[in-house]
Amino acid sequence: MLRIIPLISPKVPWLMLSEEEDKRGLSNTNTIRTFFNLSTGKLFDLNLPDTINKKCVSVGFGWLFTIDIHLQVQLFHPLTHRKLNLPRYSTFKEIDLVYNDNLKEPGKIQFEKAVASTDSWDQKIQDFNQDCVIMTTTGYGQAFAKLGDKTWTDIEMEDALYFEGIYHKSQYYVVSENSLHVGNIVGHQVPFTNVLAQLPRNLASCTDKYLVESAGELLVIFRFRHIYTDDEILGEALNTPYETTFFYVARLVKGVDSSGNYKYTFVEIKNLGGQALFVGDNASFSLPATRLNGLRCDCIYFTDDFQGGCYLSKNGCGFDMGVYNLRDGTIERHYKGESRSYYSTPTWYI
């Protein structure tokens, strides 16, 4: 029997586990999705047929960004079952498909993030207004769309790799391979971003970067993984061919950088001021851990979003998850079970 869940998105995040895949390699017909409640430590099920055989990531405000194998894109609210159509992903010129040779169909759509503009959320009615903007990142390009659009509008940037974009104080910010960019979206004009600050140069070996607004400040989180070599991949390592080792967090501050070209720079921080950060393939977010039951202060809650390493494992991604304590560098598990997939890995939902 399904547990009755309130129609208001949770204050403490739920972990939406991987879709249960058919062991014979056929399309999944099970419409149940399982969630892990961080606050209670318990599992519960929801009947969500609109999430089956789709890549699902959270954009916040209780909504999921979903893509199916035909590149149909929607915003979906799993508690109300409401759907909002977005342009087909094929209208985004930088789209890149990774094919699963075993299934003879797209096993994973190569995109990093999707985020909704905070300015377009009406807190009183708990809904998006007509100016809602959704921004998405493939890793090799950025684009945005408004509700009702037929195509995605590309965002011009100079760097080659992009990790995450957010809205902050009516502007959008994007963290790329080397820099933090800032820009504005006006109508449907093709926007161009300016470099606001250079990222620290001594962190080139990190495998992922995240951008989050936390207590009014912009933070970039650098994630480091150890990827086992061919000589190391023996026995269990074949099942878990990489693991997160540590995080580095930098805060954007006013001040001329070492090159003298920018008026902002980054400084490392060793604590989060009582906040907790949530990163993965979801839109990154920050919560006041001191005021929410079950959360740990100055910790980073992470899921497994290493798309480049997904096919290194014989059972897909989803194993590299945990809670990183920024003060002492320790890592513990938050969900102690196993939840793996090649295309629908666990994601934070709030």
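Everything here concerns the structure above.
Owing to the predicted nature of the structure, the values given are computational and were not obtained by experimental measurement. (Residues numbered from 1 in each chain as written. Predicted model: local features only at pLDDT ≥ 70, side-chain atom pairs only at ≥ 80, totals over all residues. Heavy atoms only, no water.)

## Describing the overall build of the chain
Next up, step 1: When you go through the chain residue by residue, the secondary structure sums to zero helices and 29 strands.
Next up, step 2: Here the chain, with 350 residues, has 56% of them falling under the buried criterion.
Next up, step 3: Roughly 15900 Å² of accessible area belongs to the chain as shown, and the carbon and sulfur atoms make up 48% of that amount. (Helix = DSSP H or I, 4+ residues; strand = E, 2+ residues; numbered from the N terminus. Buried < 20%, exposed > 50% of the residue type's maximum accessible area, 1.4 Å probe, protein only. Areas by Shrake-Rupley, 256 points an atom, 1.4 Å probe, with all protein chains shown as cover.)

## As for the packing of aromatic side chains
Next up, step 1: Using the criterion set out here, one finds 21 aromatic pairs in the structure.
Next up, step 2: With 5.5 Å between their ring centres and 5 degrees between their planes, Phe 35 and Phe 44 make a pair best called stacked. Side by side, Phe 35 and Phe 44 carry an identical accessibility label, which is buried.
Next up, step 3: A ring pair is formed by Phe 36 and Tyr 335, whose centres lie 5.3 Å apart and whose planes are at 55 degrees; its orientation type is tilted. Here Tyr 335 lies in the loop between β28 (331-332) and β29 (347-349) and Phe 36 lies in strand β2 (residues 32-37), a separation of 299 residues in the sequence. (Phe/Tyr/Trp six-rings, centres within 6.5 Å; stacked < 30°, edge-to-face > 60°.)

## Here we look at the side chain of Ser 58
Next up, step 1: Mapping Ser 58 onto the fold places it in strand β4 (residues 54-60).
Next up, step 2: Of the residues examined, Ser 58 reaches a relative accessible area of 2% and is grouped as buried.
Next up, step 3: Side-chain polar atoms of Ser 58 contact the backbone nitrogen of Gly 60, separated by 3.2 Å.
Next up, step 4: Looking at Ser 58, its side chain comes within polar contact range of the main-chain oxygen of Trp 348, at 3.5 Å.
Next up, step 5: Apart from the residues within four sequence positions on either side, Ser 58 is in contact with Trp 63, Leu 64, Ala 114, Asn 282, Ala 283, Thr 347, Trp 348, Tyr 349 and Ile 350. (Polar contact = N/O pair within 3.5 Å; in protein donor to acceptor, adjacent residues only side chain to side chain. Contact = heavy atoms within 4.5 Å.)

## Regarding the state of the cysteines
Next up, step 1: Following the criterion strictly, the structure yields zero disulfides and no others.
Next up, step 2: The closest cysteine sulfur to the non-disulfide-bonded Cys 297 is located on Cys 299, 7.9 Å from its own sulfur.
Next up, step 3: Classification of Cys 297 as partly exposed rests on a relative accessible area of 23%. (Disulfide = S-S within 2.5 Å.)

## Points about the sheet that holds strand β18 (residues 179-183)
In a beta sheet, neighbouring strands are held together by backbone hydrogen bonds and run either parallel or antiparallel to one another.
Next up, step 1: On the basis of which strands lie adjacent, the open sheet formed by four strands has the order β16-β17-β18-β19 and antiparallel pairing. Among the strands making up the open sheet, the edge pair consists of β16 (162-168) and β19 (194-198). Direction aside, the axes of adjacent strands within the sheet are offset by 25 degrees on average.
Next up, step 2: Sheet topology places strand β17 (residues 171-176) next to β18; four bridges connect them, and they run antiparallel. Counterpart to Val 174 in the pairing with β18 is His 181. (Pairing = 2+ DSSP bridges. Axes fitted to C-alpha atoms, helices over the stretch in contact; angles between N-to-C directions.)

## Remarks on the pairing of strand β14 (residues 142-146)
The side chains of a regular strand alternate between the sheet's two faces.
Next up, step 1: Of all five residues in β14, five are buried; the element is thus mostly enclosed.
Next up, step 2: Bridge count between strand β13 (residues 133-137) and β14: five bridges; the pairing is antiparallel. Residue Thr 136 lies in a different strand from β14, and its bridge partner there is Ala 143.
Next up, step 3: In this sheet, strand β15 (residues 153-155) lies alongside β14 in antiparallel orientation, the contact comprising three bridges. If you follow Gln 142 over to β15, its bridge partner there is Ile 155.

## What to know about the pattern of salt bridges
Next up, step 1: This structure, assessed with the given rule, holds 14 salt bridges.
Next up, step 2: Residue Asp 305 is joined to Arg 225 by a salt bridge in which the shortest nitrogen-to-oxygen separation is 2.7 Å. Of this pair, Asp 305 sits in the loop between β26 (299-302) and β27 (322-325) while Arg 225 sits in strand β21 (residues 217-227), and the two are 80 residues apart along the sequence. Like Asp 305, the residue Arg 225 is buried in the burial classification.
Next up, step 3: Between Arg 327 and Asp 298 there is a salt bridge, with the nearest N and O atoms lying 3.6 Å from each other. Of this pair, Arg 327 sits in the loop between β27 and β28 while Asp 298 sits in the loop between β25 (285-288) and β26, and the two are 29 residues apart along the sequence.
Next up, step 4: Looking at Arg 327, the relative accessible area reads 55%, which means it is exposed.
Next up, step 5: Within this structure, Asp 208, Arg 223, Arg 225, Asp 305 and Asp 320 form a network of salt bridges that share partners. (Salt bridge = Lys/Arg side-chain N within 4 Å of Asp/Glu carboxyl O.)

## Topic: the environment of Ser 205
Next up, step 1: Turning to its location among the elements, Ser 205 is positioned in the loop between β19 and β20 (208-214).
Next up, step 2: Residue Ser 205 is classed as exposed on the basis of its relative accessible area, which comes to 58%.
Next up, step 3: Spatially, the C-alpha atoms of Ser 205 and Arg 223 are 9.2 Å apart, while their sequence positions differ by 18 residues.

## Considerations on the sheet that holds β25
Next up, step 1: Ordered in space as β25-β24-β26-β27-β28, the five strands form an open sheet in which the pairing is mixed. In the strand order of this sheet, the two ends are held by β25 and β28, each with one partner.
Next up, step 2: With four bridges connecting them, strand β24 (residues 275-279) and β26 associate as parallel partners. Looking at the pairing, Phe 278 lines up with Tyr 301 of β26.

## Some thoughts on the side chain of Asp 127
Next up, step 1: Here Asp 127 shows up in strand β12 (residues 127-128).
Next up, step 2: Accessibility expressed as a relative area gives 16% for Asp 127, which makes it buried.
Next up, step 3: Among the polar contacts made by the side chain of Asp 127, one reaches the side chain of Arg 82 at a distance of 2.7 Å.
Next up, step 4: Setting aside its immediate chain neighbours within four residues, Asp 127 contacts Trp 63, Arg 82, Ser 120, Trp 121 and Asp 122.

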